[in-house]
Structures are given as C-alpha cells and as structure tokens.
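Summary of the model geometry
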Amino acid sequence: TGASGRVGLGVVQELCKRCLPVRALIRNRGNAELFTDRVHVRVVDLFDIESLAEAFEGCDTVFLITPENMHSPDVIGEAERLIENYREAVKKTGVRRIVGLSSMGAQLDGNTGNLMISRMLEQAFRHLPVGTTFIRPAYYFSNWLPYTQLVKEYGILPTFLDPERKIAMVSPSDVAQFAAIVLSSEALSANLYELSGPVSYSPVEV
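Residues numbered from 1 in each chain as written. Predicted model: local features only at pLDDT ≥ 70, side-chain atom pairs only at ≥ 80, totals over all residues. Heavy atoms only, no water.

Focus on the overall build of the protein chain
When helices and strands are counted, the protein chain shows six helices and nine strands. Principal-axis analysis of the C-alpha atoms gives the protein chain an extent of 50 × 40 × 40 Å. Expressed as a percentage of its 206 residues, the buried residues of the protein chain come to 41%. The contacts in the protein chain between residues at least 6 apart in sequence include a share of 70% that link residues at least 24 apart. Here the protein chain contributes 20 positively and 24 negatively charged side chains, and the mean placements of these two sets differ by 4 Å. (Helix = DSSP H or I, 4+ residues; strand = E, 2+ residues; numbered from the N terminus. Buried < 20%, exposed > 50% of the residue type's maximum accessible area, 1.4 Å probe, protein only. Contact = heavy atoms within 4.5 Å. Lys, Arg positive; Asp, Glu negative; His and termini not counted. Charge placed at Lys NZ, Arg CZ, Asp CG, Glu CD.)

Things to note about unusual backbone geometry
A positive phi angle, close to 60°, is found at Cys19, a residue other than glycine. Turning to its location among the elements, Cys19 is positioned in the loop between helix H1 (6–17) and strand S1 (23–26). Assessed through its relative accessible area of 62%, Cys19 is described here as exposed.

Comments concerning the pairing of strand S5 (residues 131–137)
Where burial is concerned, most of S5 is hidden: six out of the seven residues are buried. As paired strands, strand S4 (residues 97–101) and S5 are joined by five bridges and run parallel to one another. Following the sheet pairing, Leu101 is matched in S5 by Ile135. Direction of pairing for S5 relative to strand S8 (residues 192–195): parallel, over a ladder of four bridges. What sits directly across from Phe134, in S8, is Leu192. (Pairing = 2+ DSSP bridges.)

Overview of the sheet that holds strand S7 (residues 167–170)
Spatial strand order, S6-S7-S9: three strands in an open sheet with mixed pairing. Here the strands that pair on one side only, and so sit at the sheet edges, are strand S6 (139–140) and strand S9 (200–201).

Let's talk about the sheet that holds S4
Here four strands make up an open sheet; going across it, the order is S3-S4-S5-S8 and the pairing parallel. Two strands bound the open sheet, and with one partner strand each, they are strand S3 (61–64) and S8. This sheet shows a mean twist of 15° between the axes of neighbouring strands, independent of strand direction. (Axes fitted to C-alpha atoms, helices over the stretch in contact; angles between N-to-C directions.)

A closer look at the pattern of salt bridges
What the rule picks out here adds up to nine salt bridges. Here Glu14 makes a salt bridge to Arg18, at a shortest N to O gap of 3.1 Å. Of the residues examined, Glu14 reaches a relative accessible area of 12% and is grouped as buried. The salt bridge involving Lys91 is made with Glu88; its shortest N-O contact spans 3.5 Å. Taken together, the residues span about one helical turn, with Lys91 and Glu88 both in helix H3 (residues 75–92) at a distance of three residues. A cluster of three or more residues bridged by salt bridges with shared partners is formed by Glu14, Lys17 and Arg18. (Salt bridge = Lys/Arg side-chain N within 4 Å of Asp/Glu carboxyl O.)

That's the geometry; what it means functionally is another story.
Take a look at the structure:
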C-alpha cells in the first residue's frame, strides 16, 4: 500500500532489485508510470473494502502504510476507517504476514496527535492469526524539504521543536531499504524495529 509515496516507492524498487514479485497498490492511476513492467500495479480505493480485499487476494505478505489526509476535517476518523478496512481485507484473504510502517512514539497512549494513527495500526491485528512486524522510524529528515524555499528566501526555518535539541532522524530511502530487507526475510520477524539514522540533528544544524 502507499506504493507511490517516498517510502512505498522505495520499498517497491528495493524488492524488485531482489527479484521478488511485487503488487503495488496506488490511488491515483497517473502514478502507474512510476513502475516498471515487472511490477503488478493495482488502482485501489483504500476505503472500499471489496476493492481492497480483491487487491490483497493471493498475497502472502502485505506492507501497510497509513497515509494521512491533512486536509480532512477528521484525520483520525479516516485513519480508523482505513485501518479497519486493512483488518477486514486481511481476514478475508490468505495474507500470512503484515509488515507495517509505524513511528517512534507509537507506544505512547493518549492524545499524541498523528502518532495515535501508528498506535492504532500496531494494535489492529492483535487477535488475528497473522505474523506482524512494525517498523518505527525516527523523524523523517525529508520533513524539512517543504521549507527549503522559505530558507533560501528569508533565512528562516519554521519548527515547533526546540532549536538546539538534537533528535533522532532518518531518511525515507533508508527506511524503505530496511523494510524491503524485513519483507524478504522470514528471519527478521521481530514484532518491532526502531530505526534511526547514524546522526541526530537539531533544527539549528538542519
């Protein structure tokens, strides 16, 4: 799922390098051109359970991402519907293993913003007879990219973080590479992996 995003596309590319059969689920038909002929592309409405279940049919392992629509008036509610559809599609099909993209902080309970979505994903499959592995990346270094023009023009980098505090960061391409290794190896079947880059940075250093 989420096969046209930063991490999702990277996962598809990494799995293709390993000569594994891949089915890429996308929402926008125009993104089909991102993939080579070796990839089986499906245009799927993730909120349509029948469409989603059909896309999962015949798959041994699924990689689950929870894309967030920040323009929605109910981000958490949409995520709940999406995750419930994932759960139902897994129940209806022969999926044996789930690898999910979560986030550091998903272990925290309470009103934690969009971390609540990662927590919901991790808890959704507890009572199903499937193997689950969740990858919890650190803060994506690519989150700074939308501000590059602002920095160039005004010398200002907006952030809610303490400017001097170093935090763990990671590249989405490294997350994709690690996810592909997990997906292609039964040996890497721990329930959780936390993933960060080699260096922590403060916003000032960024």
